[in-house]
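Each chain is listed here by its residues.
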Amino acid sequence: MNGSIQHIIFITLAILLIIPICAGDVHEATICYLEYSVETGDTIDLEQGYRLTIDDIRKNDAAISISGGSEEILNTSISGDYTFEKEIGGIDYDIIRISMNLTDGEPAWMVLEQYRDPDKPFDYPLIGAVSISIKKGEREPLKAGYELEVTSIIDNNAVLTLYKDDNIVKQEKLSRNGERFVYTTKIDGQRHTILIAKFDRISGNDSVHVSGLSQFKDPESADEGDGDDDGSKWNTQLVESTIFRYMLSIFVFAGVFALILGIARQIRK
């Protein structure tokens, strides 16, 4: 029995040590999704202080630069799909994915998806990547006064309508599986994503299934945010810290191991 317990201890410690090495090429929640045409010289402000600049669009590739705040952190050429990664605590996180159609020259059609950078402050979503089915004519209550309705279903097309305090803020027809319903708002000159949902399918009972539905808080302007409590900001940064979550994972594994060890001792008695 002692040998078995020692084996359990060894395996548990080995798992804890190897987790940060094996967990690369991951990404967190989508916090920004954009689809539109871009031209040379366009600058796009993203979430968490990131900025994408289209330096030049050529026949076979595009020169882009990515900055964080006032510091340029990447300058490269892309053709087709490109992923900007960031290493945090030995883990490679996908931060920005770009897909650019360059076949028609300039302007070029770009699809951009940004994921939450765990190394930077960001409010956790009010609703985080849930899947729901909404019947035609019914409103799904969300957070902060928002509601999502399936207004109509015709053939393979569904019209989704987003309400805020009973007022329509966005309405869009979706027809392709995987197509996104995205609502953004602009505060202090920067566009922020409020809602993202992916259209999956239309069910036979006149309902629409969406997945990856995430809702974020309406941003406040800089003037409105002057009275924020510094202590609460510090607590948010601590919770979002990669080291904090890694240590929390260790404590969870340690608790599970202690429970297993206690059960093993009871069985031995």
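Keep in mind that this is a model prediction, so the values were computed, not measured.

Draft legend 1. View of the nonpolar core. Grouped together as the largest cluster of nonpolar side chains are 26 residues, with contacts concentrated most on Leu 46, Leu 52, Ile 96, Ile 98, Met 100 and Met 110. The leading source of residues in this core is strand β7 (residues 91-101), at six residues. The contacts of Leu 46, once residues within four sequence positions are left out, are Cys 32, Leu 34, Arg 51, Leu 52, Ile 96, Leu 112, Gln 114 and Gln 190. Grouped together as the second largest cluster of nonpolar side chains are 21 residues, Ala 158, Leu 195, Val 210 and Leu 213 included.

Draft legend 2. Inspection of the side chain of Gln 215 at higher detail. Among the secondary structure elements, Gln 215 is positioned in strand β16 (residues 207-215). Excluding its chain neighbours within four sequence positions, the residues that come into contact with Gln 215 are Pro 125, Leu 126, Ile 127, Leu 142, Lys 143, Ala 144, Tyr 146, Ile 194 and Leu 195.

Draft legend 3. A nonpolar patch on the surface, seen in detail. A contiguous nonpolar patch, built from Leu 259, Ile 263 and Ile 267 and spanning about 330 Å² of accessible area, is present on the exposed surface. By secondary structure assignment, the location of Leu 259 is in helix α3 (residues 242-268). The exposure class of Leu 259 is exposed, given its relative accessible area of 57%.

Draft legend 4. Region of interest: the environment of Arg 97. In this fold, Arg 97 is placed in strand β7. Its relative accessible area of 35% is what places Arg 97 among the partly exposed residues. Between the C-alpha atom of Arg 97 and that of Phe 84, which follows or precedes it by 13 residues, the distance is 6.4 Å. Residues within four places of Arg 97 in sequence aside, it is in contact with His 27, Tyr 82, Thr 83, Val 111, Leu 112, Glu 113 and Tyr 115.

Cut-offs and rules
Residues numbered from 1 in each chain as written. Predicted model: local features only at pLDDT ≥ 70, side-chain atom pairs only at ≥ 80, totals over all residues. Heavy atoms only, no water. Core = buried A, V, L, I, M, F, W, Y, C linked by side-chain atoms within 4.5 Å. Buried < 20%, exposed > 50% of the residue type's maximum accessible area, 1.4 Å probe, protein only. Helix = DSSP H or I, 4+ residues; strand = E, 2+ residues; numbered from the N terminus. Contact = heavy atoms within 4.5 Å. Patch = residues over 30% accessible without salt bridge, like charges linked within 9 Å, V, L, I, M, F, W, Y side chains within 5 Å. Areas by Shrake-Rupley, 256 points an atom, 1.4 Å probe, with all protein chains shown as cover. Salt bridge = Lys/Arg side-chain N within 4 Å of Asp/Glu carboxyl O.

It is worth stressing that arrangement in space is one thing and function is another; only the former is reported here.
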